[in-house]
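Chain residues, written in single-letter form:
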Amino acid sequence: MTQQVDYFALVHDHLVQQLGSDGARAHLAKSLFVIVIGSNDLFAYFHNNSKVSKKYTPQQYIDLMASTFKQLIKRLYGMEARKLVVTGVGVIGCCPARRKETATSECKVEANDWSTKYNDGLKLLLQDLKLDLSEINYCYFDTYGVMNNIIRNPQTYGIIETKEACCGLGNMKADVPCIPIATYCSNRRDHLFWDRVHPTEIMSSLFANLLYNGTQEVTFPINVEQLAKL
């Protein structure tokens, strides 16, 4: 994310040149900044033979993730970002890439536990930022809760397969990623996962709809539709 914020700093400078300081400030104040981050960091930590897990304890690692996130949000705020859309990390221990590492193809409990702890810290961090940076507004999407509900109640969403990927090769179709030699399922619309780590298109569409106009059960303190109107 640090690199992406650096790229945005260049965009910010161009906007100031084109619109002037006041014009850029007004434009950015009504813009939505969508931040989807954290999953890859946790994937890296809980991967077999992970190097980063030898350097940090899980608590140290999620604390580092949170503190880095906080500093980068403050940088964005300093460049006039006022409306944030932040998604929590999903049920990463239940993706095919992690399931295949367990003897029974069940979810990797430790990865899910620390995903939950990171999300809890992220929600508190956003609340603190709101107190510290009075002009900021945000919506947080409970990706973990939504995914967990789909896994527990797949029939509600028309999902049949919640464990195996649609596209890939090997155990859980997760030994080999979705590349040209991979095989794929006959109906990707009834799968939760497209490949070893990513959800299918229909799941991403569901997430987007809930993020846009979902209730406070899944997106809070407000949803994207409400945030855009502020």
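The present account deals with the structure reproduced in this document. (Residues numbered from 1 in each chain as written. Predicted model: local features only at pLDDT ≥ 70, side-chain atom pairs only at ≥ 80, totals over all residues. Heavy atoms only, no water.)

Counting 60 residues, the largest nonpolar core has Leu42, Phe69, Ile73, Leu76 and Leu84 as its most contacted members. Sorting elements by how many residues they give to this core places helix H3 (residues 58-78) first, with 9 residues. (Core = buried A, V, L, I, M, F, W, Y, C linked by side-chain atoms within 4.5 Å. Buried < 20%, exposed > 50% of the residue type's maximum accessible area, 1.4 Å probe, protein only. Helix = DSSP H or I, 4+ residues; strand = E, 2+ residues; numbered from the N terminus.)

What follows deals with the environment of alanine 44. Residue position: alanine 44 is located in helix H2 (residues 39-45). Alanine 44 has contacts with Ser50 and Val52, leaving out every residue within four places of it along the chain. (Contact = heavy atoms within 4.5 Å.)

Tallying each qualifying case throughout the model produces 3 disulfides. Here cysteine 94 connects covalently by a disulfide to cysteine 107, the sulfurs 2.0 Å from one another. Since a negative S-S torsion denotes a left-handed disulfide, the cysteine 94-cysteine 107 link at about 110° is right-handed. Note that cysteine 94 is positioned in the loop between strand S2 (83-87) and helix H4 (96-99) and cysteine 107 in the loop between H4 and helix H5 (109-132), a separation of 13 residues in sequence. Among the residues examined, cysteine 94 registers a relative accessible area of 3% and is labelled buried. The disulfide partner of cysteine 166 is cysteine 185, and the gap between their sulfur atoms is 2.0 Å. A torsion of -90° about the S-S bond marks the disulfide between cysteine 166 and cysteine 185 as left-handed. In this pair, cysteine 166 is assigned in the loop between helix H6 (143-152) and strand S4 (167-168) and cysteine 185 in the loop between strand S5 (183-184) and helix H7 (201-213), connecting sequence segments 19 residues apart. (Disulfide = S-S within 2.5 Å.)

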